[in-house]
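# Summary of structural features
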Amino acid sequence: MTIHLQSSPRADLSPATPERDDPVELIEYSSPIGWSIVYGSLTPSGFVRLRFQGQEVIGSATGNGNVDALFKAMMNAARQLCVFPNGDLPKLEDWDVRSSGVGSDAPGVATVVMTYRSRQVTVRRHHANAVHASMTAFKASLNDLVRQTANDAPPVVPPAAQAAESGPEGSD
């Protein structure tokens, strides 16, 4: 499953497109299930592409389920982008997903509670796909915390941006 958030046909029902003034953009995510050669079992993996301050990275991870793998991949990408000072990351305190109706096609409601230092945010997102509802809730929580902590410490320039600014080695 790969979801490109820029082209959601149901943006009216979900924050599938980037929200206005989001510091961190979730460009796309994917969560295929592949075979683990070592254990011979299914291993959920996640790949997330984020953009922050003009830099784009892909984070990847494995987890005990698709949503766990995608959340870990998002945090890996956030760490690479130095979204929070000194590589610190928020902690996921709670994640809950429920049906908002009856039947197998009922929309999902994902609720995410994250903390960073002394701040806590709770975000709820609805979508026909429970994984998508979860990912947009994770992203919204991350952005809420980035906004709240923007003045806490000077931003850290991602290593990729530092290399681009300094130019090729040995050039004068």
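Description of the structure in this document. (Residues numbered from 1 in each chain as written. Predicted model: local features only at pLDDT ≥ 70, side-chain atom pairs only at ≥ 80, totals over all residues. Heavy atoms only, no water.)

## Focus: the packing of aromatic side chains
Each aromatic ring pair is characterised by the separation of its centres together with the angle its planes make. Our working definition: Only rings of Phe, Tyr and Trp enter the pairing, Trp through its six-membered ring, and a pair is recorded when the two centres are within 6.5 Å. The plane angle decides the type: under 30 degrees is stacked, over 60 is edge-to-face, the rest tilted. Numbered from the N terminus, helices here are DSSP runs of H or I no shorter than four residues, and strands are runs of E no shorter than two. When a residue's accessible area, from a 1.4 Å probe over protein chains only, is under 20% of the maximum for its type it is buried; when over 50% it is exposed; and in between it is partly exposed.
One pass over the full model with this rule turns up two aromatic pairs. Here the aromatic rings of Phe 84 and Tyr 116 are separated by 4.4 Å at their centres, their planes lie at 35°, and the arrangement is tilted. Here Phe 84 is found in the loop between helix H1 (66–80) and strand E6 (91–99), whereas its partner Tyr 116 is found in strand E7 (residues 108–116), with 32 residues between them in sequence. Judged by its relative accessible area of 1%, Phe 84 is buried.

## Let's talk about the packing of H1 against helix H2 (residues 130–149)
Selection criterion: Lines are fitted to the C-alpha atoms to define the axes, a helix being fitted only along its stretch in contact, and any angle between axes, read from their N-to-C directions, falls within 0 to 180 degrees. Throughout, the term roughly parallel applies to angles under 35 degrees, roughly antiparallel to angles over 145, roughly perpendicular to angles from 65 to 115, and oblique to all others. Should the near helix be turned anticlockwise from the far one by less than a right angle, the crossing is left-handed, and should it be turned clockwise, the crossing is right-handed. Whether two residues are in contact is decided by their heavy atoms, any of which lying within 4.5 Å being enough.
Close contact between H1 and H2 brings their axes to 10 Å; oriented N to C, the two are set at 30°. By the angle between their axes, H1 is roughly parallel relative to H2. Handedness of the H1/H2 crossing: right-handed. Across the interface between the two elements, Val 67, Leu 70, Phe 71, Met 74, Met 75 and Ala 78 from H1 touch Val 131, Ser 134, Met 135, Phe 138, Lys 139 and Leu 142 from H2.

## Regarding unusual backbone geometry
Phi at Cys 82 takes a positive value of approximately 55°, unusual for a residue other than glycine. Looking at the element boundaries, Cys 82 is found in the loop between H1 and E6. Of the residues examined, Cys 82 reaches a relative accessible area of 15% and is grouped as buried.

## A closer look at the side chain of Ser 134
Here Ser 134 lies in helix H2. In this view, Ser 134 contacts Val 67, Trp 95, Val 97, Ala 110 and Val 112; residues no more than four positions away in its chain are not counted.

## A closer look at the pairing of strand E8 (residues 119–127)
This is how the line gets drawn: The rule for pairing is simple: two strands pair if DSSP sees at least two bridges between them.
Pairing of E7 with E8, which is carried by nine bridges, proceeds in the antiparallel orientation. Counterpart to Met 114 in the pairing with E8 is Val 121. Here E7 hands over to E8 after two residues, with Arg 117 in that stretch at a positive phi of 55°.

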